[in-house]
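Here is how the chains run, residue by residue.
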Amino acid sequence: MSITDLEWYKSNSPSWKNPDLKGLDVDGSRYHSKEFMDKEWNHMWPKVWLLMGREDEIPNPGDYQMEEFGRESFLMIRQNDNKIRSFYNVCQHRGARLTFNDLGSAETFKCPYHGWQWRIDGELIEAQDAEDFPEGNPCGKLKLEEVKTETFAGFIWINMDKNASSLKDWLGPVWDDWEAYEIHKWKRYVAQTVNVPCNWKIILDNFNESYHLPTVHAPERAVTKRRMPSGVDTSYRSTQFDLSDEGHNRMIMRAGYGSMQKDGKLEDPLYSVMQEWDMNPDDYTGKGIETREAIQKAKRDNGPERGYTHYKNLRDEQLTDAFHYTLFPNFAVSLWADGFHFLRAKPHPTNPEKCVFDNWWYSSNPDKESAPVRTTVGISKRGEYADRDFFELGEKSLGQTIDQDTAVFILQQHGLRSRGFNRAYFAGQEKRIRRFHEMIESYFE
Ligand code: FES
Ligand SMILES: [Fe+2]
């Protein structure tokens, strides 16, 4: 069997339905025009499932998470029956925001303006001068406006459309792919939330293609520009690309391509990963390509005793290879056997040339493992989970790879404003971008 044989992959990770593209022209105005932003806000965002919160951050009744999203803000609240319900974060008296606190615990939400008190199930229980309302006492009558809420993979998802189909139907084949990893048990080790001066779709476009990997991310030390330091083969010829009917995309790239220096010695992080799994990486000098099966075997043999309970559910390629998903409309993840690189872009409330970008990392959480946790920004100590860190782009590093990505986001935002740009001229391997824009357009019909 050839290591570059794409058919091998397809037999293991069966292709999705891969619907035909319509051939939409993707012009620059959709990245900077207020009109296009309004169309998205009026027709698309109120209809889609959005990944918004994390169940384990609000474990007890009354615990809540507030998440801003464009012009809206939502409260996800753990109820007395342990379920999570979500509400618009807005008082029904005269529209004040109830809280700007992003995480907390409350018995009631007391509006800072006139003091109306809302119970965690959304009922109004106290209003000043309640007898003075010609339309009747608002208590027991008014409720916070609720939004549809479901949970999956430990995340809280909301949909502003009360008639939305179930989250499972929405996720389609992504649901089955992710279930095996037991992601609900994983813990967050990086949580950077950054204001970025570009349209939110520039970020999703970038995560919808691997064409930029050799030019933007190729480390100088690499022997060929098709190799990533983790030993992933980034050539489109050996990459599996999939589109789902639901509008989500997947890309699978094989590891074990061998990440070697000129003398054939393996490089980090592959070098250290082999040591962590009790292999001698020097035995693989000049034979990087053989590391893939060796790591799979080591994880298979030693994973369970180290507490990696999900390995039994994973196929061999899921133990080593790069599985990348883009979930329509605004979420992307690189999913590794032990890492969930959470990449989300949220629109700015009013400015189409700004957005909020989340660069987070969740790691599997085996009970017995004390090895360091490899994240997007470096190595973390196991058990040292991350609180949320809000900042402006440039104030801190997002990790080498994402710093490289954000630099091109800005370049592209500037260029897309130009009269000199007509439309994108896509490569075949960039078809997921066209599909993404065609999905957005489908909400305008
Ligand atoms: S706006 Fe909330 S109590 Fe008046
Ligand atoms: Fe990138």
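Cut-offs and rules
Residues numbered from 1 in each chain as written. Chains lettered and ligands numbered in written order. Predicted model: local features only at pLDDT ≥ 70, side-chain atom pairs only at ≥ 80, totals over all residues. Heavy atoms only, no water. Helix = DSSP H or I, 4+ residues; strand = E, 2+ residues; numbered from the N terminus. Rg over C-alpha atoms; globule rule 2.2 N^0.38 Å. Contact = heavy atoms within 4.5 Å. Areas by Shrake-Rupley, 256 points an atom, 1.4 Å probe, with all protein chains shown as cover. Lys, Arg positive; Asp, Glu negative; His and termini not counted. Charge placed at Lys NZ, Arg CZ, Asp CG, Glu CD. Phe/Tyr/Trp six-rings, centres within 6.5 Å; stacked < 30°, edge-to-face > 60°. Buried < 20%, exposed > 50% of the residue type's maximum accessible area, 1.4 Å probe, protein only. Lys NZ or Arg CZ within 6 Å of the ring centre and 35° of its normal. Donors = N, O, S within 2.8 Å, 3.2 Å for Na, K, Ca; no water. Tetrahedral: all angles 85-135°; square planar, octahedral: opposite > 155°, others 65-115°. Core = buried A, V, L, I, M, F, W, Y, C linked by side-chain atoms within 4.5 Å. Domains from an automatic or database assignment.

Visitor: Please explain the overall build of the chain as it appears in this structure.
Guide: Helix and strand counts for the chain come out as eleven helices and 20 strands. What you see for the chain is a C-alpha radius of gyration of 23 Å, in line with the 22 Å of a compact globule of 445 residues. Taking the principal axes of its C-alpha atoms as reference, the chain extends roughly 85 × 55 × 40 Å. Counting only contacts in the chain whose residues sit at least 6 apart along the sequence, the fraction spanning at least 24 positions is 66%. Only carbon and sulfur atoms are counted for the fraction: they give 47% of the accessible area of the chain, which is about 19,700 Å². Of the side chains in the chain, 58 bear a positive and 71 a negative charge, and the two mean positions are spaced by 2 Å.

Visitor: How should I be thinking about the environment of Cys111 in this particular structure?
Guide: Inspection of the secondary structure assignment puts Cys111 in the loop between β6 (108-110) and β7 (117-119). If we skip the residues at most four places from it in the chain, Cys111 touches Cys91, Ala96, Leu98 and Trp116.

Visitor: Can you help me understand the packing of aromatic side chains in this one?
Guide: A ring pair, where both rings are aromatic, is described by two values, the distance of the centres and the angle of the planes. Across all of its chains, the model carries 33 aromatic pairs by this definition. Ring centres of Phe207 and Phe409 lie 6.4 Å apart, and the angle between their planes is 90°; on these two criteria the pair is classed as edge-to-face. Note that Phe207 is positioned in helix α5 (residues 200-207) and Phe409 in helix α10 (residues 400-416), a separation of 202 residues in sequence. No difference in accessibility class separates Phe207 from Phe409, as the two residues are buried. Aromatic side chains Phe357 and Phe409 sit 6.3 Å apart centroid to centroid with 85° between the ring planes, which places their arrangement in the edge-to-face category. Taken together, the residues span a long stretch of sequence, with Phe357 in strand β17 (residues 355-363) and Phe409 in helix α10 at a distance of 52 residues. Joined through ring pairs, the aromatic side chains of Trp16, Phe152, Phe155, Trp175, Trp178, Tyr325, Phe331, Phe340, Phe342, Trp360 and Tyr362 make up one cluster. In this structure, Arg54 is placed above the aromatic ring of Phe155, and the distance from its NZ or CZ to the ring centre is 4.4 Å. In this arrangement the basic side chain of Lys187 is found over the ring face of Tyr385, its NZ or CZ atom lying 5.7 Å from the centre.

Visitor: It is not clear to me how the coordination of the iron ion (ligand 2) should be interpreted in this structure. Could you clarify?
Guide: Under perfect tetrahedral coordination by four donors, a metal shows angles of 109.5 degrees; under perfect octahedral coordination by six donors, it shows angles of 90 or 180 degrees. Within the first shell, the iron ion (ligand 2) binds the protein through His212 (NE2), His217 (NE2), Asp405 (OD) and Asp405 (OD), at distances of 2.0 to 2.7 Å. With four donor atoms in place around the iron ion (ligand 2) and angles of 53 to 144° between them, the coordination shape is irregular. Each donor residue of the iron ion (ligand 2) lies on the same chain, and together they follow the pattern H-x4-H-x187-D. Here His212 is found in the loop between α5 and α6 (213-217), whereas its partner Asp405 is found in helix α10, with 193 residues between them in sequence. An identical accessibility class is assigned to His212 and Asp405; each is buried.

Visitor: So what exactly am I meant to see when it comes to the nonpolar core here?
Guide: Here is a general trend for soluble globular proteins: nonpolar side chains tend to be buried in one another's company. Core analysis: the biggest nonpolar cluster contains 93 residues, and Trp157, Trp178 and Phe340 have the highest contact counts within it. Tallying contributions element by element places α5 first for this core, with five residues. Two domains each provide a minimum of three residues to this core, namely domain 1 (6-46 + 185-442) and domain 2 (50-163). Setting aside residues up to four positions removed in sequence, Trp178 forms contacts with Phe152, Ala153, Trp157, Ile183, Tyr325, Leu327, Phe331, Val333, Leu335 and Phe340. By size, the runner-up hydrophobic cluster in this structure holds 17 residues, among which are Leu75, Phe87, Leu98 and Trp116.

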